[in-house]
Amino acid sequence: MTSFADRLLDWFDQHGRKHLPWQQDMSVYRVWISEIMLQQTQVNTVIPYFENFLRTFPTLVSLAEADQDVVLHHWTGLGYYARARNLHKTARVVVEQYNGEFPLTATELEALPGIGRSTAAAIVAICTNQRATILDGNVKRVLARHFGIFGWPGDTSVAKTMWQQAEALTPETRVADYTQAIMDLGATLCTRSSPRCEACPFTPECVAFNTNQQAALPGRKPKKDMPVRTTTMFILENDAGEYLLQQRPPSGIWGGLWGFPQDEPLEELLTRLQLRGLISQQEELASFRNTFTHFHLDITPVHVRLSPGIGEPVPVNGTCWYSSRSKTEIGLTRPVTRILGMLE
Ligand code: SF4
């Protein structure tokens, strides 16, 4: 029987994806951005963000020189904002320390912000065709099913087994195609909820297929009850129909993004912003839940209309009046997008 890699490459030559935007005019810069965007997001969602991002920041230098607010603005809606902050930091490091040229060894790439072992390997393999092994979510799913690797891939011993298997399968030649091929197999055939095994070249030996355990593999993360936190957000609206936002601290949840004031009693907030005594109407909106990796946040939005004449910028650092018509280029937290959608 021919090797796993040969059969995968045969399948890729006929069915692989060769027209993704980052596969055209290929450069390390484009591949790097696509790999970061694809880390926790599906291809179809990534494509319009990628195209817009590349229009706005066509070169590494343009990204390095941009304001973080503008970078976050173009990431708004894609989630996991640490990726955008790290992308921006890495652009600056590469310009300052590497003269604007990405280092193309896995070790040097892994030392850059936001680039882990699999992403570093993907960049090396795709951009240089040098042998490097990836293990992203798609590959984990294919390996778990094909080889019957049970257990949650986030578990150290399961991850170790997967890395060993992935290393053993990586060929010496056509590494760039192989890397794309195994990601494509996971993304287009061996999908999470409805794998199309009838079209897969690996049915004869696939453990999951032959034992009908596709749904059980890869193993799920053991369920833990996540803590629930609560907060009240104040949506202060002036008579120009603008909303008061304040910038979050640079690290922590929603780091560097702009959100509604929260975790501060309304009276204190209004005093701090010199808006005391200027409320004309106050209404509690429907609560909703925002789930993070480690906890749920139950949010109660309170819409506060201010008396006429409060349209000027608030004289407090880190705040601004915002409306979606204003085209201000800042990154918004998910609750802002959601609440503005409800209000507007
Ligand atoms: S046969 Fe089905 S479960 Fe097995 S690798 Fe192929 S698509 Fe995945």
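Residues numbered from 1 in each chain as written. Predicted model: local features only at pLDDT ≥ 70, side-chain atom pairs only at ≥ 80, totals over all residues. Heavy atoms only, no water.

The next thing to look at is the nonpolar core. Core analysis: the biggest nonpolar cluster contains 92 residues, and L8, W32, I33, F53, L63, W75 and F260 have the highest contact counts within it. If we skip the residues at most four places from it in the chain, W32 touches L60, L63, L87, T90, A91, F102, I115 and I123. (Core = buried A, V, L, I, M, F, W, Y, C linked by side-chain atoms within 4.5 Å. Buried < 20%, exposed > 50% of the residue type's maximum accessible area, 1.4 Å probe, protein only. Contact = heavy atoms within 4.5 Å.)

The next subject is the layout of surface pockets. Which parts of space are left empty comes out when a probe the size of a water molecule is rolled across the atoms. By volume, the largest pocket is sized at about 1900 Å³. Taken together, 48 residues line the largest pocket, and the ones lying closest to its centre are Q39, Q40, G137, R141 and R192. Counting only elements with at least two residues in the lining of the largest pocket, the list comes to α2 (28-38), α3 (43-56), α8 (117-128), α9 (137-147) and α11 (175-189). Per-class residue counts for the lining of the largest pocket are 19 nonpolar, 16 polar and 13 charged. In this model, the second largest pocket occupies a volume close to 560 Å³. Lining of the second largest pocket is provided by 25 residues; of these, G79, Y80, Y81, F292 and T293 occupy positions nearest its centre. A total of five residues in the lining of the second largest pocket trace back to one element, the largest contributor, which is helix α6 (residues 82-97). Across the lining of the second largest pocket, the residue classes tally to eleven nonpolar, eleven polar and three charged. Three or more residues apiece are contributed to the lining of the second largest pocket by two domains, here domain 1 (4-216) and domain 2 (228-343). (1 Å grid on protein atoms, 1.4 Å probe; cavity = no way out; pocket = protein on both sides within 12 Å on 5 of 7 lines; lining within 4 Å. Points joined across faces, edges and corners; volume = space filled by probe spheres on them. Helix = DSSP H or I, 4+ residues; strand = E, 2+ residues; numbered from the N terminus. Nonpolar A, V, L, I, M, F, W, Y, C, P; charged D, E, K, R; others polar. Domains from an automatic or database assignment.)

Right, let's talk about the side chain of H303 for a bit. Checked against the element boundaries, H303 lands in strand β6 (residues 296-306). Within polar-contact distance, the side chain of H303 engages the side chain of E237 at 2.6 Å. Filtering out sequence-adjacent residues up to four positions away, H303 remains in contact with I235, E237, Y243, Q281, Q282, E283, L285 and L343. (Polar contact = N/O pair within 3.5 Å; in protein donor to acceptor, adjacent residues only side chain to side chain.)

Under the domain assignment used here, the protein chain contains domain 1 (4-216) and domain 2 (228-343). For domain 1 versus domain 2, the separation of C-alpha centres amounts to 36 Å. With nine residues of domain 1 at the contact, the number on the domain 2 side is 14 residues. When domain 1 packs against domain 2, the two sides together hide about 850 Å² of surface, and 49% of this comes from carbon and sulfur. Considering only the side of domain 1, the residues that lose the most area to domain 2 are D69, H73 and R85, jointly responsible for 49% of the buried surface there. (Buried area = accessible area lost by both parts, 1.4 Å probe.)

A few words on the pattern of salt bridges. Under the counting rule described, the total for this entry stands at nine salt bridges. D184 is paired through a salt bridge with R17; the nearest N and O atoms lie 3.0 Å apart. Placement of D184 in helix α11 and of R17 in the loop between α1 (4-15) and α2 is noted, with a sequence separation of 167 residues between them. The salt bridge partner of R174 is D177, with a shortest N-O separation of 2.7 Å. (Salt bridge = Lys/Arg side-chain N within 4 Å of Asp/Glu carboxyl O.)

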